[in-house]
Amino acid sequence: MEILVEKDYKNMSKKAAFLIREAIKEKPDLILGLATGSTPIGTYEELIRMHKEEGLDFSKVTTFNLDEYYGLSPEDSQSYRYFMEDTLFKHINIKKENTHVPDGLVKEPNEYGKIYDKMIEEQGGIDIQILGIGRNGHIAFNEPDDELILSTHLTGLTEDTIEANSRFFDSIDKVPTTAITMGLGTIMKAKKIILMANGKNKTEIMGELLKGEKVSTKLPASLLLLHPDVTIIMDEEAAELYKK
Ligand code: GLP
């Protein structure tokens, strides 16, 4: 595991975008796993800049997003599909048919999850998976629990996550309580994982995670300690306890 501490959010974002750019240069048809939330926004901005100013080419890149709120349509401005279009896809030359976000409207989400995983496999697997982390240690929407499901599946969200994500909604009762998420098995199959964390509300969880003493389903991100190629990029605030 490689752990990088950058001065601030901007530098963390630039570093992640740099790693993605180098990977696309090496493999123009990169399979990229993407995340939502506020953490990767700066990375997406930097990738857009690289596209516009340096001609970084996304025309052969394929993307798979980690998760989607269950029950929200792609047109819903709170959906993760909408977020991805708005924050990244519409600003770069990626082909719409090459972008994949779980469909929040499917009738049989668990069956659909297996199809989603198969699609990833058929593309040759994810080359780089971008991850944020919830303040309770969740990755994608794999919440702390006694057991973690391996494949892409329907899951309930914890109160902590609903509360944390309510900042994007008009009120907390508008936050969906379920989501379709890649499972830990899907995520762990990615060839390389880049986890980003920034700001004070991630200090505690990053301190806990990077003690690196044990894995626990109660801290889903700790499973990443078993992955052969993980790069963690933090800003100084998130790294405060790690450095102590
Ligand atoms: C959500 C997403 C996760 C994300 C997490 C952290 O719950 N499903 O993929 O990593 O929030 O969000 P943020 O980056 O806004 O802190």
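Residues numbered from 1 in each chain as written. Predicted model: local features only at pLDDT ≥ 70, side-chain atom pairs only at ≥ 80, totals over all residues. Heavy atoms only, no water.

### Here's the deal with the overall build of the protein
Turning to step 1, where the next piece is worked out: In terms of helices and strands, the protein carries eight helices and 10 strands.
Turning to step 2, where the next piece is worked out: What you see for the protein is a C-alpha radius of gyration of 17 Å, in line with the 18 Å of a compact globule of 244 residues.
Turning to step 3, where the next piece is worked out: Seen through its C-alpha atoms, the protein measures out along the principal axes to roughly 45 × 40 × 35 Å.
Turning to step 4, where the next piece is worked out: Expressed as a percentage of its 244 residues, the buried residues of the protein come to 55%.
Turning to step 5, where the next piece is worked out: For the protein, long-range pairs separated by at least 24 residues make up 79% of all intrachain contacts whose partners lie at least 6 apart in sequence.
Turning to step 6, where the next piece is worked out: Within the structure as shown, the protein displays about 11,400 Å² of accessible surface, and the carbon and sulfur contribution to it stands at 49%. (Helix = DSSP H or I, 4+ residues; strand = E, 2+ residues; numbered from the N terminus. Rg over C-alpha atoms; globule rule 2.2 N^0.38 Å. Buried < 20%, exposed > 50% of the residue type's maximum accessible area, 1.4 Å probe, protein only. Contact = heavy atoms within 4.5 Å. Areas by Shrake-Rupley, 256 points an atom, 1.4 Å probe, with all protein chains shown as cover.)

### Digging into the side chain of Thr 203
Turning to step 1, where the next piece is worked out: Examined against the element boundaries, Thr 203 turns out to sit in helix H7 (residues 203-209).
Turning to step 2, where the next piece is worked out: Residue class for Thr 203 comes out buried when judged on its relative accessible area of 10%.
Turning to step 3, where the next piece is worked out: Setting aside residues no more than four positions away along its own chain, Thr 203 makes contact with Glu 237, Ala 238, Glu 240 and Leu 241.

### Looking at the environment of Leu 72
Turning to step 1, where the next piece is worked out: Within the element layout of this structure, Leu 72 appears in the loop between strand E4 (67-69) and helix H3 (80-87).
Turning to step 2, where the next piece is worked out: Each C-alpha atom of the pair Leu 72 and Ala 179 lies 9.3 Å from the other, and the pair is 107 residues apart in sequence.

### Digging into the site of the ligand
Turning to step 1, where the next piece is worked out: Taken together, 14 residues lie near the ligand, and Ser 38, Thr 39, Asp 67, Arg 167 and Lys 202 sit nearest.
Turning to step 2, where the next piece is worked out: One nitrogen or oxygen atom from the main chain of Ile 133 is found 3.5 Å from an oxygen atom belonging to the ligand.
Turning to step 3, where the next piece is worked out: In this structure, an oxygen atom belonging to the ligand sits 2.7 Å away from a side-chain N or O atom of Arg 167.
Turning to step 4, where the next piece is worked out: Protein chains shield 95% of the accessible area of the ligand, which is 390 Å² for the free molecule.
Turning to step 5, where the next piece is worked out: Taken together, the residues of the shell around the ligand break down into four nonpolar, seven polar and three charged. (Near = heavy atom within 4 Å. Polar contact = N/O pair within 3.5 Å; in protein donor to acceptor, adjacent residues only side chain to side chain. Nonpolar A, V, L, I, M, F, W, Y, C, P; charged D, E, K, R; others polar.)

### Regarding the packing of helix H1 (residues 9-26) against helix H2 (residues 41-54)
Turning to step 1, where the next piece is worked out: Between H1 and H2, whose axes approach to 8 Å, the crossing angle comes to 55°. Here H2 runs oblique to H1, going by the angle between their axes. Note that H1 runs across H2; the crossing there is right-handed. Contact with H1, carried on its side by Tyr 9, Ser 13, Lys 14, Ala 16, Ala 17, Phe 18, Ile 20 and Arg 21, involves Ile 41, Gly 42, Thr 43, Glu 46, Leu 47, Met 50 and Glu 54 of H2 and no other residues of that element.
Turning to step 2, where the next piece is worked out: Here the residues of the contact of H1 with H2 sort into eight nonpolar, three polar and four charged. (Axes fitted to C-alpha atoms, helices over the stretch in contact; angles between N-to-C directions. Parallel < 35°, antiparallel > 145°, perpendicular 65-115°, else oblique. Left-handed = near helix turned anticlockwise from the far one by under 90°.)

### Describing the pairing of strand E2 (residues 31-34)
Turning to step 1, where the next piece is worked out: In E2, alternate side chains face the same way, and those of Ile 31 and Gly 33 on one face and Leu 32 and Leu 34 on the other are all buried.
Turning to step 2, where the next piece is worked out: As paired strands, E2 and strand E3 (residues 62-65) are joined by four bridges and run parallel to one another. Note that in E3 the partner of Leu 34 across the bridge is Asn 65.
Turning to step 3, where the next piece is worked out: The handedness of the E2 to E3 crossover, carried by H2, is right-handed. (Pairing = 2+ DSSP bridges. Right-handed = clockwise from strand over helix to strand, strands pointing away.)

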